[in-house]
Amino acid sequence: MLDRIRGRLRTFEKEIVITIVHIRGYLRRLQRSPAFRYLRRDIRAKVGGVIVLLVVFTAIFAGFIARHDPTTQNLSNRFQGPSWEYPFGTDDAGRDIFSRVVYGARTALIIGTLLVVVQTSIGLPLGLLAGYRGGKVDNLIMRLVDAVLAMPGLIIALAFVAVFGPGIYKVVLALAITGWAGCARLMRGQTLAIKEETYIEAARAIGEKDRTIIFNYVLPNAISPLIVMMTMTFPAAILLSASMSFLGLGVMPPTPDWGYDLNAYKKFMGDPMPAPLMTILPGIVMVITIFGFNFFGDALRDAYDPRLRE
Amino acid sequence: MYGFILKRLLLLIPIFFAVSIVVFLLLPLTGDPARQVLSGQGRMDVTPELLDNISHQYGFHRPLYIQYLRWLTGYPPADPGQGENVLVIPRGLLMGDFGFSYTRSRPVASLMLEALPQTLLLTFTAFILSLVIGLLLGIFSALRRKTLVDYTFMGTAIFGVSIPFFWQGLMMILIFVNWLKWFPIPTAGEHGLMYLILPAFTLATHSAASLARMTRSSMLDVLRQDYIRTARAKGLRERAVIYKHALKNAFIPVSTLLFLRLPFLFGGTVIMEVVFSWPGMGRLLVSAMGAYGSPAKDWFIVQGGVLMFLVIAVLANLLADITYAYLNPKIRYGEGG
């Protein structure tokens, strides 16, 4: 009995070691790859990367960075200007605006991450299927993709939330209704191009199954443009979800959200300083976040696509 | 070319039916249409009898396909014998009847007819603005590649695609209305030229920025081509090379993007109209959708508004295809031309 457990533990240990070796090998190959070398020299990748890392760090450790609870009201402490204690001041309910912005970053990134997962898990298989099978399947899927791509995503998302109600998960689903199509189109294009490669022909010749060809040949070679698209999904998701919450058809309190807060603070814009700072400062954080992702995504796209480099 | 357009026009018919089915289903998807009507009217005293009464008045008790047919064509007509109210049952989308708004007590069609021109005005102005700004910035950046001009323009452009409409709108109001007092305070009743400038410019920013980026990369791509070198080699003036040879070819990919931006612009209009109190379709639509968790929704306005936006998007897409085919003979003759 004990021996068996020991034996299992040993195999488990071995697997961990193997995984670590794999990851190390992958990282080393990544470091030597031309794309990575390009990224290290690109100013956009540096600036964007720092912003992205900062935002991700803030979202994960929101509890340590925020100096106050984002929802605790303190009516004796309303409309404070920026200070060391309240970097962005306090709002009409005496809440610390900086803490709300910090927790809002978490909401924004959760929506972005979930949207990437959902739309990739719909778009990737469909695009792969269309590109790999071709013919009628391809025609049918691409007709649908074209139709969906032509639709105004924001309006469809708003209608979805109006029907099914607000909330983080519903916002994600609402954005995924139209979001998957871009992923599908990209994946189809990639699959079509890869299918023509000699190594696919070779794999066919040695009698590999379709499943093996897809998982071992097509997917690994299509991964880089997919990563670029996933990166670009974040700024779009943050922008759209904040817009939806701003209109009142997105994330609802008590979840802190940039869009919802800005809508709540906009009525104090006409007041004398420091009241307008309530809309200015959180907005700047939001713009810098989206800008960082866009900047990093641009660099990443150029790094993976040498034709675009100048 | 005409065959190509005809084929695309015929394709509109199934698309329209698909879109209309989806839009029609919005109300049944809520689960209880009669309750939606009552909460839209602000009625608190909801009893089973009342729900049943409303359900019959609006014809919600009928099977879904009958309801859809009636919503689309007005057939079968309202049957007072079953308690159906002739006033509130639509005479059919194809007859231009979008139903009767139960929150505003007016036909949805007349509400939309009032709002639509305002939305079109705003979107069209923004479209032209973004076209002019985007093309100019893009071309100049491409011609002055890797200079301060290029970096400034492209830096501005990437900021332009990163600013959310609503926050930019708020900042415009803060700076130009509250602080500088160049423009009047946006109010729902007023919509003259002075009220149009700020929302149109804000709406144009994002599209202008992405157009500029697209134009620049397309232009750079073209300038690398052999025929440009040939044109230069045979001694054409630089001006002729740029305007006659490069610009025309660089415009092909840009033109597609141009019309594909239209749905995006219409999405942005919704936000702009709310921020700037512009009396258009977007504001009507959002207020009918019951923002901020409010149960008071007007589904006939939602259906009409969403349908209108989707139809506009489909038409814009058609326009993009036709322009692309017109500018690019390869497509024109390759596909049923």
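Undergrad: Would you mind going over the overall build of chain B with me for this structure?
TA: Helices and strands together make up the secondary structure of chain B, namely 13 helices and two strands. When its C-alpha atoms are laid out on the principal axes, chain B stretches across 85 × 60 × 30 Å. Contacts in chain B between residues far apart in sequence, at least 24 positions, make up 68% of those at least 6 positions apart.

Undergrad: I keep staring at the environment of Leu285(B) and nothing clicks. Help me out?
TA: All names here are of chain B. With respect to the secondary-structure elements, leucine 285 resides in helix H11 (residues 281-288). Here leucine 285 falls in the buried class, since 29 other C-beta atoms lie within 10 Å of it. In sequence terms leucine 285 and glycine 304 are 19 residues apart; their C-alpha atoms lie 8.7 Å from each other. In this view, leucine 285 contacts Val270, Ile301, Val302 and Gly305; residues no more than four positions away in its chain are not counted.

Undergrad: Please clarify how the interface of chain A and chain B should be interpreted in this entry.
TA: Reports of interface size often rely on the accessible area that becomes lost once the parts have come together. Taken residue by residue, the interface counts 34 residues in chain A and 39 residues in chain B. Taken together, the elements giving at least two residues each to the side of chain A that touches chain B come down to helix H7 (153-164), helix H10 (210-246) and helix H12 (277-304) of chain A. The leading source of residues in the side of chain A that touches chain B is H12(A), at eight residues.

Undergrad: Sorry, what's going on with the nonpolar core here?
TA: Generally speaking, nonpolar side chains in soluble globular proteins are found buried as a group. Ranked by internal contacts, the top residues of the largest apolar core, which has 149 residues, are Ala157(A) and Leu158(A). Excluding its chain neighbours within four sequence positions, the residues that come into contact with Ala157(A) are Ala174(A), Leu175(A), Ile177(A), Leu240(A) and Met244(A). One finds Ile54(B), Phe60(B), Ala78(B) and Ile89(B) within the second-largest nonpolar core, a separate group that totals eight residues.

Undergrad: Would you explain the environment of Arg37(A) in this entry?
TA: With respect to the secondary-structure elements, Arg37(A) resides in helix H2 (residues 34-41). Sequence separation of Arg37(A) and Val172(A) is 135 residues, and the distance between their C-alpha atoms is 34 Å.

Undergrad: What is the right way to read helix H1 (residues 2-29) of chain B from this model?
TA: One turn of an α-helix holds 3.6 residues; hence residues three or four places apart share an orientation. Here H1(B) spans 41 Å end to end across 28 residues, near enough to the 40 Å set by a 1.5 Å rise per residue. Phi for Gly31(B), located one or two positions after H1(B), is positive at around 100°.

Undergrad: Is there a simple way to think about the environment of Gly268(B) in this case?
TA: All names here are of chain B. Tracing the backbone shows glycine 268 in helix H10 (residues 238-275). The exposure class of glycine 268 is buried, given the 29 C-beta atoms found within 10 Å. Remark: the alpha-carbon pair of glycine 268 and proline 279, spanning 11 residues in sequence, is separated by 15 Å. Every residue in contact with glycine 268, bar those within four places of it in the chain, is listed here: Phe165, Leu203 and His206.

Definitions and limits used
- Numbering of residues starts from 1 in every chain and runs along the sequence as written.
- Here every chain gets a letter starting at A, and every ligand a number starting at 1, in the order they are written.
- Local features in a predicted model are, by the rule used here, given only for residues with pLDDT of at least 70; side-chain atom pairs are given and counted only at 80 or more, and totals for whole chains, interfaces and linings are based on all residues.
- Secondary structure elements are taken from DSSP: a helix is a run of H or I of four residues or more, a strand is a run of E of two residues or more, and numbering for both begins at the N terminus.
- Contact between residues is assigned whenever the C-beta positions, reconstructed from backbone atoms, fall within 7 Å.
- To sort residues by exposure, count the other C-beta atoms lying within 10 Å of each residue's C-beta; 20 or more gives buried, 12 or fewer gives exposed, and values between give partly exposed, all with C-beta atoms placed from the backbone.
- Joined through C-beta atoms within 7 Å, a set of buried Ala, Val, Leu, Ile, Met, Phe, Trp, Tyr and Cys residues constitutes a nonpolar core.
- Every helix has an expected span of 1.5 Å times one less than the residues it contains.

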